[in-house]
Amino acid sequence: MTLSVTLRHAFAGFALDVAFDAPPGLTALFGRSGSGKTTIVNAVAGLLRPDHARIVADGVVLADTGARLHLPPHRRRIGYVFQEGRLFPHLTVRQNLLYGRWFAPPATGPDLSHITDLLGIGALLERRPSALSGGEKARVALGRAILSNPRLLLMDEPLASLDEARKAEILPYLERLRDETRLPILYVSHSAAEVARLANTLVLIEAGRVIRAGPAAQLLSDPATASAFGLRDAGAVLTLRIEAQEGDGLTRLAGPTGPMWLPRVDAPPGTPLRVRILAQDVMLALTRPVGVSALNILPATVRQVRIGDGPGALVQLALGDALILARITRRSAETLNLTPGLAVHAVIKAVSVAPQDIGDASGD
Amino acid sequence: MTDWLTPDEWRAFALSLRVSLVATAVSLPFGIFVAYALARWQFRGRQVLNGLVHLPLVLPPVVTGYLLLLTFGRNGWAGQFLEQWFGVVLAFRWTGAALAAGVMAFPLMVSAIRLAMEAVDPKLEAAARSLGASPVWVFVTVTLPLILPGIIAGTVLAFARAMGEFGATITFVSNIPGQTQTLPSAIHVFLQIPGGDAAAFRLVIVAIVVACSALVLSEWVSRAVARRIRGT
């Protein structure tokens with residue numbers, strides 16, 4: 001199941017011209033507000049009729065302006081999760097969830113009880129949307145889209161209207177959805193943290209164009225694309241497996257080049273985790289430092305040094321097969337004489353990894 | 001109430017009820033359609049349609065009645081067409097009174113429904129389309145339930161207006177007792193004859209009671225329906 005999109009559309013003062021593929025898993029469209037992300041998903045949903053388009057989902061041509069084909073939105077079988085939820089106020093949660101079923105062929109798609117369990121909304125079925133919290137509304141909106149038995153899911157910043165606590169509540173459900181349904185998910189976001197936590201594939205959009213596209217782990221650890229996320233938000237993701245829960249509240253993980261410790265992560269040993277390491281939280285040392293408080297000291301090799309326009313520099317490090325980024329000053333890069341191939345030690349404080357930057361990687 | 005009103009008065013009241021009910025019921029589908037078109041569609045002639053619908057509100061009712069007579073009278077083009085093809089005659093019949101009442105009440109009905117329609121977020125309708133509903137189903141399952149309070153308000157308003165219709169009716173279908181003599185026409189006649197004050201006064205009370213109950217009922221039903229929709 002793959003989605004393939006080629007799209008050109010001109011607005012007054014703005015032109016969109018993109019082409020990309022979204023393989024199974026979650027593909028994040030990342031870019032600033034106004035870069036054209038929502039236009040892309042609206043065109044995929046059929047809510048917008050682009051000047052030129054060829055959109056193919058799972059082998060079915062949804063739109064092809066060359067062949068004068070434009071399937072109307074209700075024939076596309078696309079689950080669209082909108083930023084504001086858009087639940088029907090006159091229907092109960094159950095009726096909202098089953099709305100798409102009225103129009104789908106009988107007895108297709110996932111089970112209502114399976115989805116309500118997955119999203120933890122089984123107790124809300126008889127309520128009206130007005131009686132739900134923001135996080136509950138977001139989960140019902142997710143469930144409604146999945147239960148319409150779609151070919152693919154579109155999500156337009158489904159977390160943007162939620163506060164941090166609610167986001168943390170929804171993120172695990174999104175991970176489960178991504179890993180269980182095997183549907184391609186096109187996920188619009190302008191949050192680097194969300195993208196780093198959820199995306200398998202990344203499409204970077206700037207001013208209506210695709211500037212980079214590829215596997216998320218690769219793009220997130222590339223110094224050349226880091227500026228697209230904002231320097232403070234630049235950071236690579238590591239997949240780490242839990243080894244043991246230790247007595248003093250730390251969790252030991254199998255890192256790529258040695259053990260790593262993080263504040264307690266509540267999951268059984270063996271669970272793979274996806275951990276975002278912010279570039280600015282990584283320190284470099286030429287020799288293994290002794291007498292420091294930082295717990296995670298990992299042997300690494302310098303792969304690339306990218307000197308910025310300002311006082312900073314981004315260093316790409318290889319930890320075995322994995323890649324991470326370190327953001328240091330240009331002065332340090334010169335003092336340490338960092339060049340590709342140099343063996344160094346990456347130093348990461350255990351407490352610098354925020355809980356919301358630790359996700360489930362079972363589906364990877 | 002039959003004892004309290006004379007047979008003539010009762011007939012006028014019953015006729016007015018029938019005329020108003022038929023006028024409201026027949027114009028409701030058109031009212032919903034026109035309100036939808038004005039609220040949701042951008043088309044050439046939208047302003048013209050809007051003006052046409054609201055014309056009876058600003059024209060002297062006598063003028064509206066006369067225009068109806070010219071068009072739907074036995075010699076009017078629409079009147080001839082209806083008589084030839086459907087055997088329907090409107091001029092000087094109670095059906096004509098219903099047409100006049102419907103036309104006069106139409107702007108009120110359309111305005112109330114259109115107002116409710118404009119309050120429905122088109123994003124909800126787009127969400128319904130993405131879930132597989134065709135435009136007709138979107139209207140039936142999302143738009144219609146959400147504008148129900150507006151439809152009720154518009155219907156009751158139109159009914160009350162139809163009950164009170166006088167100028168266009170008397171011009172178009174005259175004032176034939178038992179045929180086209182509606183409640184307002186009867187009041188008018190009683191006021192012309194010496195000693196008719198008491199009969200006129202009884203009908204005035206009937207008119208006030210009907211209008212007030214219609215308004216109270218509409219307010220109550222609209223609120224109940226709106227509460228149900230909001231789910232509180």
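Rules used in this analysis
Residues numbered from 1 in each chain as written. Chains lettered and ligands numbered in written order. Predicted model: local features only at pLDDT ≥ 70, side-chain atom pairs only at ≥ 80, totals over all residues. Helix = DSSP H or I, 4+ residues; strand = E, 2+ residues; numbered from the N terminus. Rg over C-alpha atoms; globule rule 2.2 N^0.38 Å. Buried ≥ 20, exposed ≤ 12 C-beta atoms within 10 Å, placed from the backbone. Contact = placed C-beta atoms within 7 Å. Pairing = 2+ DSSP bridges. Expected span 1.5 Å × (residues − 1). Bend = angle between axes of the 7 residues up to and from the residue. Nonpolar A, V, L, I, M, F, W, Y, C, P; charged D, E, K, R; others polar. Axes fitted to C-alpha atoms, helices over the stretch in contact; angles between N-to-C directions. Core = buried A, V, L, I, M, F, W, Y, C linked by C-beta atoms within 7 Å. Domains from an automatic or database assignment. pLDDT = per-residue confidence, 0-100.

Draft legend 1. Region of the structure containing the overall build of chain A. Looking only at helices and strands, one finds nine helices and 21 strands in chain A. On C-alpha atoms alone, chain A measures out to a radius of gyration of 22 Å, which is about the 21 Å that the 2.2 N^0.38 rule sets for 364 residues. Its C-alpha atoms put chain A at 65 × 50 × 30 Å along the principal axes. Within chain A, the proportion of its 364 residues that are buried is 46%. For chain A, long-range pairs separated by at least 24 residues make up 69% of all intrachain contacts whose partners lie at least 6 apart in sequence.

Draft legend 2. Main features of the pairing of strand β3 (residues 25-30) of chain A. Residue and element names in this part refer to chain A. With six of six residues buried, β3 lies mostly within the body of the structure. In this sheet, strand β9 (residues 184-189) lies alongside β3 in parallel orientation, the contact comprising six bridges. Bridge pairing in β9 links Leu29 to Val188. The sheet contact formed by β3 and strand β10 (residues 201-206) spans four bridges and is parallel. From the neighbouring strand, Ala28 faces β10, where its bridge partner is Leu202.

Draft legend 3. Geometry of the environment of Leu71 of chain A. All names here are of chain A. When you line up the elements, Leu71 lands in the loop between β6 (69-70) and β7 (78-81). Assessed through the 17 C-beta atoms surrounding it within 10 Å, Leu71 is described here as partly exposed. C-alpha of Leu71 to C-alpha of Arg49: the two residues are 22 residues apart in sequence and 9.9 Å apart in space. The residues touching Leu71, leaving out its near neighbours within four places in the chain, are Gly46, Leu62, Ala63 and Arg76.

Draft legend 4. The arrangement of helix α1 (residues 7-40) of chain B in detail. The first and last C-alpha atoms of α1 of chain B sit 48 Å apart over 34 residues, in line with the 50 Å expected at 1.5 Å per residue. Of all the bends in α1 of chain B, the greatest, near 40°, is centred on Leu28 of chain B, and the proline Pro29 of chain B appears no more than four residues after it.

Draft legend 5. The interface of chain B and chain A, seen in detail. Every contact between the two is made by 18 residues of chain B and, on the other side, 21 residues of chain A. Sorting the residues of the side of chain B that touches chain A by element identifies α6 (122-130), α7 (135-163) and α10 (197-230) of chain B as the ones contributing at least two each. At six residues, α6 of chain B tops the list of elements feeding residues into the side of chain B that touches chain A. Broken down by class, the residue content of the side of chain B that touches chain A amounts to ten nonpolar, five polar and three charged.

Draft legend 6. Local environment of the sheet that holds strand β17 (residues 296-307) of chain A. Residue and element names in this part refer to chain A. Strands sit in the order β16-β20-β17-β18-β19 across an open sheet of five strands; the sheet is antiparallel. Of all the strands in the sheet, the pair left with one neighbour each is β16 (282-285) and β19 (322-329). Going across the sheet, the axis of each strand differs from the next one's by a mean of 45°, ignoring polarity. Two strands pair when backbone bridges link them, and strand β18 (residues 312-319) and β19 are joined in this way by eight bridges, in the antiparallel orientation. Along β19, the bridge assignment pairs Gln316 with Leu325.

Draft legend 7. Spatial organisation of the sheet that holds strand β13 (residues 250-255) of chain A. Residues and elements named next belong to chain A. Read across the open sheet, the five strands follow the order β14-β13-β12-β15-β21; overall the sheet is antiparallel. Strands with a single pairing partner mark the edges of an open sheet, and in this sheet they are β14 (258-263) and β21 (358-360). Within the sheet, the average angular offset between the axes of one strand and its neighbour, ignoring direction, is 45°. Strand direction decides the pairing type here: β13 and β14, joined by six bridges, are antiparallel. By the bridge assignment, Ala254 is partnered in β14 with Pro259.

Draft legend 8. View of the nonpolar core. Grouped together as the largest cluster of nonpolar side chains are 167 residues, with contacts concentrated most on Val315, Ile324 and Ala346 of chain A. Per-element tally for this core: the top contributor is helix α5 (residues 94-118) of chain B, with 17 residues. Three or more residues apiece are contributed to this core by two domains, here domain 1 (3-220) and domain 2 (235-360) of chain A. Apart from the residues lying within four places of it in its own chain, the contact partners of Ala346 of chain A are Val282, Leu284, Leu298, Ala300, Leu317, Leu319, Ile324 and Ala326 of chain A.

Draft legend 9. Focus on helix α2 (residues 46-58) of chain B. Taking 1.5 Å as the rise per residue, α2 of chain B with 13 residues should run 18 Å; its terminal C-alpha atoms sit 19 Å apart, in good agreement. At Leu52 of chain B, α2 of chain B shows its maximal bend, which comes to roughly 30°, and the proline Pro56 of chain B appears one to four places after that position.

Draft legend 10. Representation of the confidence of the model for chain A within the structure. Overall, the predicted model of chain A reaches an average pLDDT of 90, with 99% of residues at or above 70. Ranking the elements of chain A by mean pLDDT puts helix α5 (residues 164-181) of chain A last with 85 and strand β20 (residues 343-348) of chain A first with 95.

Draft legend 11. A look at the domain arrangement of chain A. All names here are of chain A. By domain assignment, chain A separates into domain 1 (3-220) and domain 2 (235-360). Averaged C-alpha coordinates put domain 1 and domain 2 at centres separated by 33 Å. With nine residues of domain 1 at the interface, the matching set in domain 2 holds nine residues. Listed by contribution, the elements that provide at least two residues to the side of domain 1 that touches domain 2 are α5, α6 (192-198) and α7 (216-220).

Draft legend 12. Representation of unusual backbone geometry. One non-glycine residue, Ala207 of chain A, lies in the positive phi region at around 45°. Note that Ala207 of chain A resides in the loop between β10 and β11 (209-215). One non-glycine residue with positive phi stands out, namely Phe92 of chain B, at about 60°. Tracing the sequence through the fold places Phe92 of chain B in the loop between α4 (77-86) and α5. Look at Phe92 of chain B and you get partly exposed, because 18 C-beta atoms sit within 10 Å.

Draft legend 13. Main features of the confidence of the model for chain B. For chain B, the average pLDDT comes to 90, and 98% of its residues sit at 70 or higher. ipTM for the predicted complex: 0.82, alongside a pTM of 0.83.

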